[in-house]
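So you can see what is in the structure, the chains are spelled out below.
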Amino acid sequence: MRKLLIVLVIVGLLLPAAAPAQADTIYVVQRGDTLFSIATRFGVTVQAIVAANGLANPNLIFVGQQLTIPTGGGPAPTAPPPTSAGGTTYVVQRGDTLFGIAVRFGVTVQAIVAANSLANANLIYAGQRLIIPGAGAAPAPTAPPTTAPPTSAPPTSAPPPSSGTSYTVLRGDTLSAIARRFGVTVQAIMTANGLTNPNLIYVGQVLTIPSASGATPTPPPATTTPPPSGSTAWELGGQVTTFGAPDRMKYAGMYWVKRQLAWTPGATANDTLIVDAHNKGFKILLSVLGKPSDIANGANYDDLAAFTGELARLGADGIEVWNEMNIDREWPAGQINPASYTDMLRRAYQQIKAKNPNTLVISGAPAPTGAEGAFGLDHVWNDDRYIAGMAAAGAVNYIDCVGVHYNEGIVSPTQSTGDPRDNYYTRYYSGMINKYWSAFGGARPLCLTEIGYLSPEGYGPLPSTFAWAANTSAAEHAQWLGEAANLSKHSGRVRLMIVFNVDFTVYGADPQGGYAILRPGGTCPACDTLRAVTGGR
């Protein structure tokens, strides 16, 4: 991952409106609380609570601790207007996000926001009553799902008789994995069970497996199986080069592993990386990329699409289609164009979903940059211009998640100002999240397929092109990753966060080792800060 020179562009950042002044209140920290979730519940900022209580570290709070909330009592739920015909009322549960509620009821976030006159889609709280427009009866509230919840009650009748066998869905199962286990197709299982959506199965569901009489399913691996890719819950993962520390990744709470996979025209996909990940108890995200010369003038798009489709058939849990296609290192010079990329994406998406509807399709993440003014549009497009072009070309129709890279931060992700270089949006975690979310109107969640902080500690001086990170310590590297995980987990916008990186050791002109959470000497401070957010595995 090489950096481009960034044109210094100052952009105005919108600040949230301050809440009306009220008397302070006292809140007692509960199990599972974070300062971010408490701030969200009361409609104040983390910084305000930190200042009111003289906290030295916003990540260190404990059960039973009494905190002063500097704007008054807890949020008083406002009575919702009468439920319209065809709608229902839902009471927000602990761990809910507006995106998760919308998915559960099959409506859009915007519809719920409009029906409840919400000023901020990220500010909901346990106990709040929401009108769900156009929804039927509310599903029973549950703890945050580790597998995709059904959108309707389980069938009360037994599965239809067949000459096959029955199988009870286990935690971590997907329909494609079950089909492979029994040697049948996903469509055959769907038909035998009257299923309309292959992504909606649930733990305990009894499925009829057609033409599998006497078949004995392969027992699931003894390792902890992650939730299926169809889940809408936030998840954490890491990009690896050797994949030699799966236990450290599990300790940190990672369920995904990301690996880059080079495609060439005519290449045959194989399942080596997929099987390795699954055997170690991880879902795998494959970032598929190739040489710019192999796709010049639109050549070989169908070949690439067929390759990604075969990876999906072989069990890939997620596929990121290409990488940083807004720069000429990854796309043919003079041909950089989001409409062309969207054409590639469309073809890949159709092949992937035809072979495995459960595979998560993520758009390639552009390189965060403001360098087009310096190098010209033949060589680089600013990523904000590029994603706007993707949106205009209809890319949202061919993705499950919007790919995002963020890797140039030198301040806490809780900050939206204060970078000594400038206030260009790519400097800040919030700047990137807001920019990409807005570009697609919140129609798809975001997947941070690379997020990392660079620290030279333990390695030595950085090359001049990376000198901007010279003062970042390993402790800051760990703290900021933990804060970013906390922010993304509770944002309602981020589906997946992939840490760049876990175990790279190269440290030269491209100092990838400085991003690694496994530091020289084998320590992993970030494993602890991430575990504090995830609870580990």
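Provided above is the structure to which this section pertains.
Per chain, the residues get numbers from 1 upward, laid out in the order the sequence is written. Confidence filtering applies because this is a predicted model: local features only for residues at pLDDT of at least 70, side-chain atom pairs given and counted only at 80 or more, and all residues used for totals across whole chains, interfaces and linings. To obtain the side-chain values, all non-hydrogen atoms of the structure were used and water was disregarded.

### Focus on the state of the cysteines
Point 1. When the sulfur atoms of two cysteines come within 2.5 Å, that pair is taken as a disulfide. In this structure the tally under the stated criterion is 2 disulfides.
Point 2. Sulfur-sulfur distance for the disulfide between Cys401 and Cys447 comes to 2.1 Å. In this structure, the disulfide formed by Cys401 and Cys447 twists by about 105° around the S-S bond and is classed as right-handed. One end of the pair, Cys401, is in the loop between α12 (383-392) and β12 (402-406); the other, Cys447, is in strand β13 (residues 446-451), with 46 residues separating them in the sequence.
Point 3. Three exposure classes are used, based on accessible area relative to the maximum for each residue type with a 1.4 Å probe and protein chains only: buried under 20%, partly exposed in between, and exposed over 50%. Overall, the relative accessible area of 0% leaves Cys401 in the buried class.
Point 4. Put simply, Cys524 and Cys527 are joined by a disulfide, and their sulfur atoms are 2.0 Å apart. Torsion about the S-S bond of the Cys524 and Cys527 cystine: about 80°, corresponding to right-handed handedness. There is no split in this pair, since Cys524 and Cys527 are both buried. By the criteria applied, helices consist of DSSP H or I runs no shorter than four residues and strands consist of E runs no shorter than two, each listed in order from the N terminus.

### Describing the side chain of Ser455
Point 1. Inspection of the secondary structure puts Ser455 in the loop between β13 and α14 (474-489).
Point 2. Pairing of N or O atoms within 3.5 Å defines a polar contact, subject to two protein rules: one partner must be a possible hydrogen donor and the other a possible acceptor, and residues neighboring in sequence count only if both atoms are side-chain atoms. Of the polar contacts made by the side chain of Ser455, one reaches the backbone nitrogen of Glu457; its length is 3.3 Å.

### Notes on the sheet that holds strand β10 (residues 318-321)
Point 1. The pairing criterion is simple: DSSP has to find at least two bridges between the two strands. Reading across the sheet, the 8 strands line up as β11-β10-β9-β8-β7-β14-β13-β12 and stay open at both edges, with parallel pairing between neighbours. Because the sheet does not close on itself, it has two edges, and the strands there are β11 (360-363) and β12. The mean angle between the axes of side-by-side strands here comes to 25°, regardless of whether they run parallel or antiparallel.
Point 2. Along the sheet, helix α9 (residues 301-313) contacts β8 (256-262), β9 (283-289) and β10; its crossing angle with β9, the most-contacted strand, is approximately 170°.
Point 3. When checking whether two residues touch, look at their non-hydrogen atoms; a contact exists if any pair is within 4.5 Å. Only the stretch in contact is used when fitting a helix axis, every axis being a line fitted to C-alpha atoms; angles between N-to-C directions are given from 0 to 180 degrees. Sitting on the sheet, helix α13 (residues 429-439) touches β12, β13 and β14 (494-499), and the angle it makes with β12 is about 160°.

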